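# Observations on the three-dimensional arrangement
One letter stands for each residue in the lines below.
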Amino acid sequence: MYSAAAKKRQTLAPSEPSLSVTYNDLDSAFDVPNSGSTVYMLTQPLAFPGKALVNHAVASHQEKSIEFQLHAKELEVSTNVETAYYNLALAEKNIELNSEQKASYERILAIAKRRYESGAITQVDFLNAQIALYSNQNDLLDLKAAEKTARAQLNTLLSLDVEAPTEVRKIEKVELKEPYKESEAQKKMFANRPEIQSAHEQAQAIDSSYTLAKMSFLPDFQLVAGTTNYNLAGASPLTAANPNSRETYLLGVQATIPLWFFFNERESIVAASHDSASAEANVATLNNQSKVALETSLATLSALKSKIENYENHLLPLSEQSFNIALVSYSSGKIDFQSLADTATSRRGVKKDYYNLIVNYLTGYASLNQLLGEDISD
């Protein structure tokens, strides 16, 4: 970005002049002291009026395009950090759910032991209850490894040590937002999304380059000023008018002529024309891709919102109720051990799926904000 700003300022800078010194009429090679005359020439290149301003416009649009690209990268990093943050929170929540499941298995084991000692069930149920408890301990090892990986990913994005004790808020019930109207979201996206703004600026830069190419048949100039010092008396062409004259002056203008226009400038104009059309097509493609991404994001968030509400209103309370009834029913011998174990597993799965939906909803909103060109704080 800073490089582009410097290049933009440089477009208005004048071209460097050239200075030449020529020794004429030497009696022998390199006999400079005995030259007949010495010519001092200063040449200043000048572009056709307006070319510098068009060049400045090209560089200005390129600078703005890079600024928007930088902002897009900042939003991408912010979204990645937020996603890693929620993934760590989910990993910690899974460990918490494992602890709850352990307590449930311990209750089941206590009931199975009591019924086995009373002769109401065989030893198989008692052993299966122990197996379920030990399997849950193995699951905990995998969950801790996943939590360590999630923490390392977040700390890496935060430029911290991979094992730094980064704290995150616990995942609880999330406040569900009212979804955007698609027309409102599209309006905000096309106005704020930095990728779209960058593409527009790049297209304008290429369009200005096309204008500059069409100006290539206009002549550029050189201002020439110089003096000739004659070392021999009477050598000056002005001697007749002024016998003491030993110095003459030169002032002139040179212009480039696009003599080979059909071979050089015309092809540059044709190439720039195709570049301009390609840039416009790129903007249109990006707009269409952004619209599809926005529609998908809004539809996904709407579905997630409905699923979360369904879990909160029905699945979570029903799974809890089912497990409590299953405990009582198993204690009284109305159901077998497998039914109780399935109910406990189902209860844990419902909770796990619920918190997965919450994290997907939160990270989905982060991605939507990135698509709309909004910061996390917005």
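Read on for a plain summary of the structure. Note that the structure is predicted; figures quoted are calculated from it, not measured.

So, on to the overall build of the protein. A count of helices and strands for the protein gives 7 helices and 4 strands. Shown N-terminal to C-terminal, the secondary structure of the protein runs as helices and strands in the order α-β-β-α-α-α-α-β-β-α-α. Taken over the C-alpha atoms alone, the protein extends approximately 140 × 45 × 35 Å along its principal axes. The buried share among the 378 residues of the protein stands at 35%. If you take every contact in the protein between residues at least 6 apart in sequence, the share linking residues at least 24 apart comes to 77%.

Another point: unusual backbone geometry. Here Ser 159, not a glycine, exhibits a phi torsion of approximately 60 degrees, which is positive. Looking at Ser 159, the relative accessible area reads 68%, which means it is exposed.

With that settled, consider the sheet that holds strand S4 (residues 247-255). The 4 strands are arranged S1-S2-S3-S4 in an open sheet whose pairing can be described as antiparallel. Either end of the sheet is taken by a strand with one partner, and the two such strands are strand S1 (18-24) and S4. Across the sheet, the mean angle from the axis of one strand to that of its neighbour is 15 degrees, orientation sign disregarded. As paired elements, S1 and strand S2 (residues 37-46) share 7 bridges and run antiparallel to each other.

The geometry of helix H5 (residues 194-214) relative to helix H6 (residues 265-331) is characterised by a closest axis approach of 8 Å and an angle of 165 degrees between their N-to-C directions. Taken together, the axes of H5 and H6 are roughly antiparallel relative to one another. Note that H5 runs across H6; the crossing there is left-handed. Of the residues contributing to the contact of H5 with H6, the split by class is 11 nonpolar, 8 polar and 5 charged.

With respect to the secondary-structure elements, Tyr 355 resides in helix H7 (residues 337-371). What makes Tyr 355 buried here is its relative accessible area of 12%. When the C-alpha positions of Tyr 355 and Ala 89 are compared, they lie 9.9 Å apart, and in sequence the two are 266 residues distant. Contact partners of Tyr 355, with chain neighbours within four places excluded, come to Leu 90, Lys 93, Leu 97, Ile 171 and Glu 172.

For the rest of this paragraph, the subject is the pairing of strand S3 (residues 221-230). By the bridge criterion, 10 bridges tie S2 to S3 in an arrangement that is antiparallel. In the sheet register, Thr 43 faces S3, and the bridge partner there is Val 224. The pairing of S3 with S4 spans 9 bridges and is antiparallel. From the neighbouring strand, Thr 227 faces S4, where its bridge partner is Tyr 249.

Thresholds, definitions, all that
Residues numbered from 1 in each chain as written. Predicted model: local features only at pLDDT ≥ 70, side-chain atom pairs only at ≥ 80, totals over all residues. Heavy atoms only, no water. Helix = DSSP H or I, 4+ residues; strand = E, 2+ residues; numbered from the N terminus. Buried < 20%, exposed > 50% of the residue type's maximum accessible area, 1.4 Å probe, protein only. Contact = heavy atoms within 4.5 Å. Pairing = 2+ DSSP bridges. Axes fitted to C-alpha atoms, helices over the stretch in contact; angles between N-to-C directions. Parallel < 35°, antiparallel > 145°, perpendicular 65-115°, else oblique. Left-handed = near helix turned anticlockwise from the far one by under 90°. Nonpolar A, V, L, I, M, F, W, Y, C, P; charged D, E, K, R; others polar.

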